[in-house]
Amino acid sequence: MRKDILSLLERDGKLSAQEIAVYLGAAEGQVKEEIAEMEREQVICGYGAFVNWEKTDSEYLTALIEVKVTPSRGEGFNRIAERIARFDEVKAVYLMSGGYDLTVLILGRTLKDIAFFVSDKLSPLESVLSTATHFVLKKYKDHGVLFGEAGGGDERMIISP
């Protein structure tokens with residue numbers, strides 16, 4: 001049942017326990033208990049809205065920053081990743097395989113804001129060896145949500161006999 005609840009909430013975080021119970025054919029109390037338990041265990045870490053900033057007055061730039069670091073003895077990448085994650089601008093930090101160690105996702109109001117973050121906050125950290133910044137030019141889909149024209153209508157394939 002947990003996996004089903006999580007899948008429903010991931011698609012629509014506004015669903016009530018009652019609505020989830022109806023979808024699953026379960027008792028509302030059982031769903032509420034399961035959700036509360038997952039919140040205590042931090043399986044469910046929070047609820048949020050996915051905003052298409054292009055349709056608002058507020059403009060934000062999204063940048064993905066590739067970061068090469070020197071891991072700490074005994075702690076690996078955890079210490080530096082946790083340090084980077086504490087910056088307000090940082091929306092996500094991922095440990096990666098491949099040519100670099102961490103991907104840092106940040107939001108900034110201008111190119112200058114992002115450049116300042118990289119040059120004055122991220123690069124000076126003692127474990128950071130190098131960075132490469134990539135700017136998101138347009139979002140088509142994020143967290144399973146279609147944006148812009150792609151999300152305008154039902155574009156499922158029609159299947160007929």
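All of these numbers come straight from a predicted model, not from anything done at the bench.

Novice: Just checking my understanding: could you explain the overall build of the protein for this structure?
Specialist: Looking only at helices and strands, the protein has 5 helices and 6 strands in total. Helices and strands appear in the protein in the N-to-C order α-α-α-β-α-β-β-α-β-β-β. For a compact globule of 161 residues, the expected C-alpha radius of gyration is about 15 Å, and the protein comes in at 20 Å, more than 25% above that figure. By principal-axis analysis of the C-alpha atoms, the protein measures approximately 55 × 40 × 35 Å. The buried share of the protein, reckoned over its 161 residues, is 24%. Pairs at least 24 apart in sequence give 60% of the contacts found in the protein among residues at least 6 apart. Total accessible area computed for the protein in this model is approximately 11,600 Å², and 51% of it derives from carbon and sulfur atoms.

Novice: Looking at this structure, I do not really get unusual backbone geometry. What am I missing?
Specialist: Generally, phi is negative for residues other than glycine and the peptide bonds are trans, each holding for most cases. One non-glycine residue, Gln42, lies in positive phi territory at about 60°. Inspection of the secondary structure assignment puts Gln42 in the loop between helix H3 (28–40) and strand S1 (61–69).

Novice: Where do I start with the packing of helix H1 (residues 2–11) against H3 in this structure?
Specialist: Helix packing for two helices is described by the angle between their axes and how far apart those axes are. With their axes 11 Å apart at the nearest point, H1 and H3 run at an angle of 80° to one another. As far as their axial angle goes, H3 and H1 are roughly perpendicular. Residues Arg2, Ile5, Leu6 and Leu9 of H1 pack against Val31, Glu34, Ile35, Glu37 and Met38 of H3. Split into classes, the residues belonging to the contact of H1 with H3 amount to 6 nonpolar, no polar and 3 charged.

Novice: Help me out: how do you make sense of the side chain of Ser72 in this one?
Specialist: With respect to the helices and strands, the residue Ser72 is situated in the loop between S1 and helix H4 (78–85). Taking relative accessible area as the criterion, Ser72 reaches 15% and is therefore assigned buried. Looking at Ser72, its side chain comes within polar contact range of the side chain of Arg79, at 3.0 Å.

Conventions and cut-offs
Residues numbered from 1 in each chain as written. Predicted model: local features only at pLDDT ≥ 70, side-chain atom pairs only at ≥ 80, totals over all residues. Heavy atoms only, no water. Helix = DSSP H or I, 4+ residues; strand = E, 2+ residues; numbered from the N terminus. Rg over C-alpha atoms; globule rule 2.2 N^0.38 Å. Buried < 20%, exposed > 50% of the residue type's maximum accessible area, 1.4 Å probe, protein only. Contact = heavy atoms within 4.5 Å. Areas by Shrake-Rupley, 256 points an atom, 1.4 Å probe, with all protein chains shown as cover. Axes fitted to C-alpha atoms, helices over the stretch in contact; angles between N-to-C directions. Parallel < 35°, antiparallel > 145°, perpendicular 65-115°, else oblique. Nonpolar A, V, L, I, M, F, W, Y, C, P; charged D, E, K, R; others polar. Polar contact = N/O pair within 3.5 Å; in protein donor to acceptor, adjacent residues only side chain to side chain.

Fair warning: the whole summary comes from geometry, so function is off the table for now.
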